[in-house]
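Letter by letter, the chains look like this.
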Amino acid sequence: PPNPRRANRRAERRRMISRATTVAIAPNARAQTHARQRRAPSVRASTSAPTLGGRRSAIVGGGAVALEQRAMATRAERRRVVTRAGGVAKAAPGEPKKVFGLTLPEGEGISFAILAAGSLGSALGFAALQEGVFRIPGFKFSAWMTVLTTFTYFLCGALEMKLTKDSRKGSWKNYGILSVYTYGGMALTNYALSYLNYATRIVFKSAKIIPVMAFSVLIVGKKYNWKEWLSAAILVAGIVLFTLGDVASSPAFAPIGVALIAAALCVDAICANFEEKNFFRCETPSTTQEVLCYASLIGTAYGLVPLIASGGLAPALAFSQANPQVVPMIMAFSVMGYSSVSFILSLIKYFGATEAEIVKSLRKVLSIVISFALFPKELNWKYIAGFAAVVVSTVYTFYLKQQKNAAKAAAKAAE
């Protein structure tokens, strides 16, 4: 059996050793605790006990530092997510440049030329083929065009997800809501082309900044300076002049076309805000190919059901059978539209938003030019003045963005 006296002596020796150790380290522990408290003032450590309390304070002080480091890491992670949410995360140094899962040449100039040429070529092909479909005599099946376009986007997105080994991160509920916006905006735009020239449609689509600014002021409370409002006013003037030129030269023009394209712009603005909040500005951001794949899949179902219920599918199929070029042309310009978006996002990722904005602005201008070149229209001074105003507004908006980005960079460097 254990000897009680021997056990008591061992316990007494442990207490004496503990007291001696505490007396030796307590002053140093208190000093370390105070230093840590100065570095992390939001977490307070108790230092009221004279001896063992000093050791306890040192432990608490270490915990304060760990908590502060963890909070700093969390803030850094949030900043990373927000940075990515702006659209596309910047490529890491030395990261191979890829598009559609294919690696681009190492040279910066060659890679940029491939991406810029791909974006411009895809956009111009999209414009030429889509306007060509509407030029086919008797074509009036915009709903059928929208269904085929969304289905093609789904196929392209699924293929790119396969090539990049991507997986779904967004919820089915959010994709169901997003599909209403994406399909609605596309359907309104395609329907508007029955009443507007294609060039006018491009000009109106360039005015997406106007509803975005309006929603930002009314909903978010954001403020814009007078230069930004001046740029928007020049753009509005250009759109009005271009539309008046369309009225004078196009026998198919009708005011409902303006109402439809304006509604499409508003839907697109709402869609962009919803997409950014629920798919890009979150802890697990989705990729663009994922969003296009699943939103287009559900959007195809949204469009197909009313098309069948209204009896519009049978005439559309009959027309497509009588004009076998219709379906290939629609699917071809849809592939080009998807490709143009992918090229622009790759430009943002590997070269920056400034270079991508230059390519996008050039793309809009060339799309209008090719529309007039391939499908001649009666040119009048309103077209020319409106086009000039749109170009001036685009260049001025780009200049204002550059100024704003430079001011932000200077403020960040001064911190």
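As a reminder, the structure under discussion sits directly above these lines.
Residues numbered from 1 in each chain as written. Predicted model: local features only at pLDDT ≥ 70, side-chain atom pairs only at ≥ 80, totals over all residues. Heavy atoms only, no water.

1. Concerning the packing of aromatic side chains
How we decide: Aromatic pairing here means that ring centres of Phe, Tyr or Trp (its six-membered ring) are within 6.5 Å. Orientation follows from the plane angle: under 30 degrees is stacked, over 60 is edge-to-face, and everything else is tilted. Under the DSSP-based scheme used, a helix requires at least four consecutive residues in state H or I and a strand at least two consecutive residues in state E, with every element numbered from the N terminus. Throughout, exposure labels follow a simple rule: accessible area from a 1.4 Å probe, protein chains only, divided by the maximum for the residue type, with under 20% read as buried, over 50% as exposed, and the rest as partly exposed.
Under the defined criterion, the tally for this structure stands at 14 aromatic pairs. Taking the centre distance of 4.6 Å and the plane angle of 35° together, the rings of Tyr175 and Phe279 count as tilted. With Tyr175 in helix α5 (residues 172–192) and Phe279 in helix α9 (residues 255–280), this pair connects stretches of sequence that are 104 residues apart. In this pair, the class of Tyr175 matches that of Phe279, namely buried. Pairwise contacts between aromatic rings join Trp172, Tyr175, Tyr181, Phe274, Phe279 and Tyr294 into one cluster.

2. Regarding the pattern of salt bridges
Here is the rule: By definition, a salt bridge exists where a carboxyl oxygen of Asp or Glu is found within 4 Å of a side-chain nitrogen of Lys or Arg.
What the rule picks out here adds up to three salt bridges. Where Lys97 meets Glu108, a salt bridge forms, and the shortest distance between an N and an O atom there is 2.7 Å. In this pair, Lys97 sits in the loop between α2 (52–85) and β1 (98–99) while Glu108 sits in helix α3 (residues 108–134), placing the two residues eleven residues apart along the sequence. Given the relative accessible area of 13%, Lys97 is considered buried. Asp166 serves as the salt-bridge partner of Lys169, at 2.9 Å between the closest nitrogen and oxygen.

3. Describing the nonpolar core
Here is the rule we go by: Note on terminology: a nonpolar core comprises buried Ala, Val, Leu, Ile, Met, Phe, Trp, Tyr and Cys residues joined through side-chain atoms within 4.5 Å. The contact criterion used throughout is that any non-hydrogen atoms of two residues lie within 4.5 Å.
Formed by 41 residues in total, the largest nonpolar core has its most connected members in Val133, Phe139, Trp144, Met145, Phe242, Ile330 and Ile368. In terms of residue count, helix α4 (residues 142–164) provides more of this core than any other element does, six residues in total. Dropping the residues within four chain positions of it, Phe139 is found in contact with Val133, Phe134, Met145, Phe319 and Val326. In this structure, Met161, Tyr175, Cys271 and Ala295 belong to the second largest nonpolar core, which totals 13 residues.

The quantities given are spatial measurements derived from coordinates; they are silent on function.
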